Amino acid sequence: MRVVSGIQPTGNLHLGNYLGAIRNWVRMQDDMEDANLAQAAEGGSAHNQCLFFLADLHAISMPHDPAELKKGTLEMAAALVACGIDPAKSVLFNQAQVPQHAELQWLLGGTARMGWLNRMTQWKDKAGKNREGQSVALFTYPVLQAADVLLYQATHVPVGEDQKQHLELARDIAQKFNNDFASEDAPVFTLPDPIVPPQAARIMSLRDGSKKMSKSDVSDMSRINLADNADEVMKKVKKAKTDPEPLPGEEKGLEDRPEALNLVTIYAALTDRSVNDVLGEFGGEGFGTFKPALGEMLVETLRPISARFNELLEDREALDAILARGAAQAREIAVPTLGATYEALGLVRG
Ligand code: TYM
C-alpha cells in the first residue's frame, strides 16, 4: 500500500479537515507502521508507506499573499505534526520542494480533457459566473492533483467527500494515459482509490448546515479551528445555528434539520460512535444540554493538539528540517515514475 494525500496551506486547519481527512491520515500511518513492523518481525521486507504534503502549488491558483503563504506552509506543517503525523513514520513535505509534481502535471496535460475539467464542481463553485477572469491554474488544478498522487503510484488517498471527484478524475487520467501510451501488462500509473471516512465525510458550517465548513468562509464563527482556545470553542458551539426542537431518538428524525445533524455528526465522529448511538443517549434533550456536552468534547480533543502546535511553532529550524528531509525522500520516490512518463510519451532526454 502507498497512501498519499495533501492539504492546502492556506488559512487554519479546521475541524472539517481534521475529522474528514487528517485523523484518517494518522490512523493509516499508524496501521501501516504496525503492519511494517509485523512483516519485519517475520523476516519480510516492509513496503507500506505514507506520504503527506502541503499543496502550496495549488494555493497559487487563487489570489494570495506570498508572505502569508510562506507562514501558512510552516504553520500547516506544525499543525499536521501536532495532529499526529510523525515525520519518522511518514514522508511529510511541501510540493514546491519537489519539482516533479509540476513536471508531471505538464506531461498529463496532453491526456486530461477540457470537458473533464469543465465538469469539476470545485471549478464551477470557485469560478462562479466569472470563468474568463479566473487563473489558468484554477482550471488545471485537478491535473496537478492527479500528478500529486500518480507520481508516487498511490494506492489509497484519504480525503473528505469534496475531493472525491478530483480523485475520480485522477483515475480517468491514469486510465487514458495507460491505454494510450503503455502496454496492458506494464501500465505507467496505478489507479488510486479514494478513502472517505464513513462518519464526518462532510462537516458543515456552524452557521449554515447547507455549506461545508471551509477555511475560505469569511465568518470565523462558521468553523472550529484546531488552534482555537477553550473559550473560543465553547462560544462558537453555543452560537452555532440550531432549531428549537429537542433531539430525536433516531437519525431519520434529523432529515430536515441539517444544522442539528451536523452537530450530532461532529459529536459522533469525535467519540467514534454512530449518529444513532449518540441520539440514543441525547434523544429528547434540547440543545441547552447537548451543546455544552459537545463543546467539552471538542475542547478535550483539541487541547493536546493546540498545545503541541504552539510548541512546534517556536522551533522554525526544526520545521524547515522536517520539510527538507521529507522533500528529499519524496523526490527519490518520484524520479522513476516521472522517467517512465517521459519515456512513454517519446520525449528525448539525452
Ligand atoms: P483542502 O486543503 O481543502 O482540504 C484538506 C482535506 O480536508 C478535507 N475537508 C473536509 N472534510 C470534511 N468536511 C469538511 N468540511 C472538509 N473541508 C475539507 C478535504 O476533503 C481534504 O481531504 N485539493 C485538495 C488538496 C490536495 C490533495 C491532493 C488531496 C492537493 N493535491 C492530492 C488529496 C490528494 C484540497 O484543497 O483540500
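Everything numeric in this text was worked out from a predicted model, so none of it was measured. (Residues numbered from 1 in each chain as written. Predicted model: local features only at pLDDT ≥ 70, side-chain atom pairs only at ≥ 80, totals over all residues. Heavy atoms only, no water.)

Trainee: Just give me the short version of the pattern of salt bridges, but keep the residues and values in it.
Mentor: Summed over the entire model, instances satisfying the criterion amount to 19 salt bridges. The partner of Arg23 in a salt bridge is Asp272, and the shortest N-O contact between them spans 4.0 Å. Residue Arg23 is found in helix H1 (residues 15–41), and its partner Asp272 is found in the loop between helix H10 (258–270) and helix H11 (275–282); the two are separated by 249 residues along the sequence. Residue classification places Asp272 among the exposed residues on the basis of a relative accessible area of 51%. Glu259 is paired through a salt bridge with Lys241; the nearest N and O atoms lie 3.4 Å apart. Residue Glu259 is found in helix H10, and its partner Lys241 is found in the loop between helix H9 (230–239) and H10; the two are separated by 18 residues along the sequence. When its relative accessible area of 13% is taken as the criterion, Glu259 is described as buried. Residues joined in a network through salt bridges with shared partners are Asp220, Arg223, Asp228 and Lys236. (Salt bridge = Lys/Arg side-chain N within 4 Å of Asp/Glu carboxyl O. Helix = DSSP H or I, 4+ residues; strand = E, 2+ residues; numbered from the N terminus. Buried < 20%, exposed > 50% of the residue type's maximum accessible area, 1.4 Å probe, protein only.)

Trainee: Pulling in residues and values, what's your account of the site of the ligand?
Mentor: Surrounding the ligand, one finds 28 residues, the nearest of these being Tyr141, Asp148, Gly160, Asp162 and Ile203. The separation between a nitrogen atom of the ligand and a polar side-chain atom of Gln145 is 2.9 Å. Backbone polar atom of Met213 to a nitrogen atom of the ligand: 2.9 Å apart, as the coordinates give it. If the ligand stood free it would expose 710 Å²; the protein chains cover 97% of that surface. (Near = heavy atom within 4 Å. Polar contact = N/O pair within 3.5 Å; in protein donor to acceptor, adjacent residues only side chain to side chain. Areas by Shrake-Rupley, 256 points an atom, 1.4 Å probe, with all protein chains shown as cover.)

Trainee: Explain a positive patch on the surface to me, and be specific about the residues and the numbers.
Mentor: On the surface, Arg207, Lys235, Lys238 and Lys239 cluster together into a patch of positive charge. As for its placement among the helices and strands, Lys238 is situated in helix H9. (Patch = residues over 30% accessible without salt bridge, like charges linked within 9 Å, V, L, I, M, F, W, Y side chains within 5 Å. Lys, Arg positive; Asp, Glu negative; His and termini not counted. Charge placed at Lys NZ, Arg CZ, Asp CG, Glu CD.)

Trainee: Give me the lowdown on the pairing of strand S2 (residues 49–54), citing residues and values where you can.
Mentor: The element S2 is extensively covered by neighbouring structure, given that five of its six residues are classed as buried. The pairing of strand S1 (residues 2–7) with S2 spans six bridges and is parallel. Pairing of Ile7 across the sheet is with Leu54, part of S2. Direction of pairing for S2 relative to strand S3 (residues 91–94): parallel, over a ladder of four bridges. Among the inter-strand pairings, Leu54 is bridged to a residue of S3, identified as Asn94. (Pairing = 2+ DSSP bridges.)

Trainee: Kindly report on the environment of Leu191, identifying the contributing residues and their values.
Mentor: Among the secondary structure elements, Leu191 is positioned in the loop between helix H8 (164–181) and strand S5 (193–195). With 47 residues separating them along the chain, Leu191 and Lys238 place their C-alpha atoms 44 Å apart. In contact with Leu191, not counting residues within four places along its chain, are Ala154, Thr155, Arg171, Ala174, Gln175 and Asn178. (Contact = heavy atoms within 4.5 Å.)

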